[in-house]
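Here is what each chain is made of, one letter per residue.
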Amino acid sequence: MRDSQTDTTSGTDPLTRDAPQPRATSGQEERLAALDQIRVYLNSLVEVLDQHPEPSLDLEESKWRLAELVDELAVEQPSPPRVQSRWIRFAPVLRQVRPDVPIPALTHLVRTAVGAA
């Protein structure tokens, strides 16, 4: 029988030691990927709205609200409350102008991009 005092262990269980460890930056990487994706999508949406055939007050409002949101997302560390506030103001107007835009999916993407999802 072995003396328990002579056993030296590293303090790690073999299952814990051999298990794949989640990367600490996976949440950060997901947030950055979502941020890049929403930036690209909103920049393309600027062009789509510029080519919209029917001028209206909703279209004009959506353009300047989109410009605010794009500007806010252009900074290196966007402010989550400010981005969400701008999105909340922009989404209903966008829905009026472009009902084909997937608002719920974009809302999730915005929330992921700012770390609120």
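Notes on the structure follow. (Residues numbered from 1 in each chain as written. Predicted model: local features only at pLDDT ≥ 70, side-chain atom pairs only at ≥ 80, totals over all residues. Heavy atoms only, no water.)

Quick notes on the nonpolar core
Across soluble globular proteins, you tend to see nonpolar side chains buried next to one another.
Then step 1. Grouped together as the largest cluster of nonpolar side chains are 24 residues, with contacts concentrated most on I38, L42, W87 and F90.
Then step 2. At the level of elements, α2 (26-50), α3 (57-74), α4 (80-97) and α5 (103-113) are the ones that each hand at least two residues to this core.
Then step 3. If we skip the residues at most four places from it in the chain, I38 touches L73, L106, L109, V110 and A113. (Core = buried A, V, L, I, M, F, W, Y, C linked by side-chain atoms within 4.5 Å. Buried < 20%, exposed > 50% of the residue type's maximum accessible area, 1.4 Å probe, protein only. Helix = DSSP H or I, 4+ residues; strand = E, 2+ residues; numbered from the N terminus. Contact = heavy atoms within 4.5 Å.)

Regarding the side chain of S62
Then step 1. Summarising the element assignment, S62 is placed in helix α3.
Then step 2. Overall, the relative accessible area of 0% leaves S62 in the buried class.
Then step 3. Residue contacts for S62: discarding those within four places in its chain leaves L49, F90, V93 and V97.

Focus: the packing of α2 against α3
Then step 1. Interaxial distance between α2 and α3 falls to 10 Å at its minimum, and their mutual angle equals 150°. Between α2 and α3, the angle is such that the two are roughly antiparallel. Crossing handedness for the pair α2 and α3: left-handed. The residues of α3 that touch α2, namely those facing L35, I38, R39, L42, N43, L45, V46, L49 and D50, are L59, S62, K63, L66, L69, V70, L73 and A74.
Then step 2. When the residues that make up the contact of α2 with α3 are grouped by side-chain class, the tally is 12 nonpolar, 2 polar and 3 charged. (Axes fitted to C-alpha atoms, helices over the stretch in contact; angles between N-to-C directions. Parallel < 35°, antiparallel > 145°, perpendicular 65-115°, else oblique. Left-handed = near helix turned anticlockwise from the far one by under 90°. Nonpolar A, V, L, I, M, F, W, Y, C, P; charged D, E, K, R; others polar.)

So, α5
Then step 1. Here α5 has its buried residues at I103, L106, L109, V110, T112 and A113.
Then step 2. Here the buried face of α5 lies against α2 and α4.
Then step 3. Following α5 by one or two positions, G115 adopts a phi angle in the positive range, close to 80°.

Brief notes about the packing of aromatic side chains
Then step 1. Evaluated as defined, the whole model comprises 1 aromatic pair.
Then step 2. With a centroid separation of 5.8 Å and an interplanar angle of 65°, the aromatic rings of W87 and F90 are classed as edge-to-face. Taken together, the residues W87 and F90, both in helix α4 and 3 residues apart, mark about one turn of the helix.
Then step 3. A relative accessible area of 4% places W87 in the buried class.
Then step 4. The class for F90 is buried, based on a relative accessible area of 0%. (Phe/Tyr/Trp six-rings, centres within 6.5 Å; stacked < 30°, edge-to-face > 60°.)

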